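Summary of the model geometry
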Amino acid sequence: MQDVSLEVFEGEIFGLIGPNGAGKTTTMECIEGNRVADRGTISVLGLDPRRDANALRQRIGVQHQEAQLQKRIKVWEAVDLWASLYPRVVDTDTLLVRLGLEAKRDAWFMTLSGGQKQRLFIALALIHEPEVVFLDELTTGLDPQARRTIWALVTGIRDKGTTVFLTTHLMEEAERLCDRVAIIEHGCIIELGTPAELVQRHCPERTVVFTSDDEDVADRMTSLGAIERNGVAYTIRGAGDDFVTGVINVIAREGIRVRGFRTEIPTLEDVFLKLTGHGIRD
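Each chain carries its own residue numbering, running from 1 in the direction its sequence is written. Residue-level local features of this predicted model are given only where pLDDT is at least 70; pairs of side-chain atoms are given and counted only at 80 or more, and the full residue set underlies all totals for whole chains, interfaces and linings. Hydrogen atoms and water are omitted, and side-chain values are computed over all heavy atoms in the structure.

Let us look at the environment of Pro 204. Counting through the fold element by element, Pro 204 comes out in the loop between α8 (195-202) and β7 (205-211). Burial classes follow relative accessibility: with a 1.4 Å probe on protein chains only, a residue under 20% of its type's maximum area counts as buried, one over 50% as exposed, and anything between as partly exposed. Judged by relative accessible area, Pro 204 falls into the partly exposed class, the value being 33%. As for Pro 204 and Val 62, which are separated by 142 residues in sequence, their C-alpha atoms are 36 Å apart. The contact rule is simple, with two residues in contact once any of their heavy atoms fall within 4.5 Å. For Pro 204, the residues in contact, after removing those within four places along its chain, are Val 199, Gly 238, Ala 239 and Gly 240. A helix here means a DSSP run of H or I that spans at least four residues, while a strand means a run of E at least two residues long, and both kinds are numbered starting from the N terminus.

Turning our attention to the sheet that holds β7. If DSSP finds at least two bridges between two strands, the strands pair. The antiparallel open sheet is built from four strands, whose spatial order is β8-β9-β7-β10. Looking at the sheet topology across the chains shown, the edges are occupied by β8 (227-230) and β10 (260-264). In this sheet, adjacent strand axes meet at a mean angle of 20 degrees when their direction is disregarded. As paired strands, β7 and β10 are joined by five bridges and run antiparallel to one another. Bridging from a neighbouring strand, Thr 211 pairs with Gly 260 of β10. Against the sheet, helix α10 (residues 243-254) touches β7, β9 (233-239) and β10, its axis set at about 30 degrees to β7. Every axis corresponds to a line fitted to the C-alpha atoms, with the helix fit spanning only the stretch in contact, and the corresponding angles, defined between N-to-C directions, vary from 0 to 180 degrees.

So, about the pattern of salt bridges. A side chain with one charge can pair with a side chain of the opposite charge if their charged atoms come near. Criterion for a salt bridge: a side-chain nitrogen of Lys or Arg within 4 Å of a carboxyl oxygen of Asp or Glu. Across all of its chains, the model carries 19 salt bridges by this definition. Of the charged contacts in the structure, one is a salt bridge between Asp 52 and Arg 51, with a shortest N-O distance of 3.7 Å. Among the residues examined, Arg 51 registers a relative accessible area of 65% and is labelled exposed. In the salt-bridge network here, residues are joined through shared partners; they are Asp 48, Arg 51 and Asp 52.

Let us now look at the sheet that holds strand β2 (residues 60-63). Ordered by their spatial adjacency, six strands build an open sheet running β2-β3-β4-β1-β5-β6, and the pairing between neighbours is mixed. Bordering the open sheet on either side are β2 and β6 (188-193), each of which pairs with just one other strand. Strand after strand, the sheet turns through a mean of 15 degrees between neighbouring axes, direction not considered. The sheet contact formed by strand β5 (residues 180-185) and β6 spans five bridges and is antiparallel. Looking at β6, one finds that Val 181 is bridged to Gly 193. Strand contacts of helix α6 (residues 144-159): β1 (13-17), β3 (132-136) and β4 (163-168), with the helix running at about 150 degrees to β4, the strand carrying the most contacts.

What follows is about the environment of Met 171. As for its position among the elements, Met 171 is in helix α7 (residues 171-177). Given a relative accessible area of 5%, Met 171 falls into the buried group. For Met 171 and Ile 17, which are 154 residues apart along the polypeptide, the C-alpha to C-alpha distance reads 7.9 Å. Contact partners of Met 171, with chain neighbours within four places excluded, come to Ile 17, Leu 268, Glu 269 and Phe 272.

Listed in full, the buried residues belonging to helix α11 (residues 268-276) are Leu 268, Val 271, Phe 272 and Thr 276. Each buried residue of α11 sits inside an arc of 105 degrees when the element is viewed along its axis, so together they form one side. Note on α11: the residue one or two positions beyond its end, Gly 277, has a positive phi of about 95 degrees. The directions considered for the arc run from the helix axis to the C-beta atoms.

Moving on: the environment of Gly 156. Among the structural elements, Gly 156 can be located in helix α6. Residue Gly 156 is classed as partly exposed on the basis of its relative accessible area, which comes to 24%. The sequence separation of Gly 156 and His 169 amounts to 13 residues, and the corresponding C-alpha distance is 21 Å.

Per-residue confidence from the predictor is given as pLDDT, running between 0 and 100. In this model, the protein carries a mean pLDDT of 92, and residues with pLDDT of at least 70 account for 98%. Within the protein, β1 carries the highest mean pLDDT (97), whereas helix α4 (residues 92-98) carries the lowest (91).

Attention shifts here to the side chain of Asp 214. By the element assignment, Asp 214 lies in the loop between β7 and α9 (217-220). In this structure Asp 214 comes out as buried when scored by relative accessible area, which is 10%. Excluding residues that lie within four positions of it along the chain, Asp 214 makes contacts with Arg 220, Tyr 234, Gly 255, Ile 256 and Arg 257.

In structure tokens:
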């Protein structure tokens, strides 16, 4: 780790994103107090994660990337065990209902689906009503339905006033959940802001693709710049909030009959690939 400087605001979902091996989990473990940083200072809720470890554990919740429980521990047993570790806990029955686990109360851990296991780990992280909860690669390996269920739970956690710090390599997840994100590369924070800000800053280009059987379409739309043609499909690229409106206005003015029309807006994934490259990381 070389230069990881960031501040997480109260009541937000903050995401740390980066390629494999970029330092996401290492950074989170240092913040949680589970790993000693080589240098620099860390403050979580005004506490030093190493010096004030016991006090901090009472105020934060943690879900680890590769968490596991005993195969034959029951859901209610795991919840009771975690509850015994804290002087003050939430109503555990209500918590299981909230996370959709009430029907699995007597089920062994090994019989739970991937999504149910992740919901259980969220329950264990929230059992003492922490002020900050850390979620490390929460939805890795889950199917789309389970992933969206977890996303709704995370948003609900934030809406109840808990600050969420998460790591993910799923750009759609970061874009949908996070109020702000930091991109880490080779142990350095290389960019930070809201997903919309990062897209506007690094990938402002917009693309319009439409199809038309009319003649001389490209010639009639030269005011918009270069137009790519592939059969009856036309592609126009530009920037600015009014670009798409401008294309529509020219099409209408020229009386061009359009059979299909779509816009392509850059995403956080485009920003991520632009800043970190397209190569595969091991």
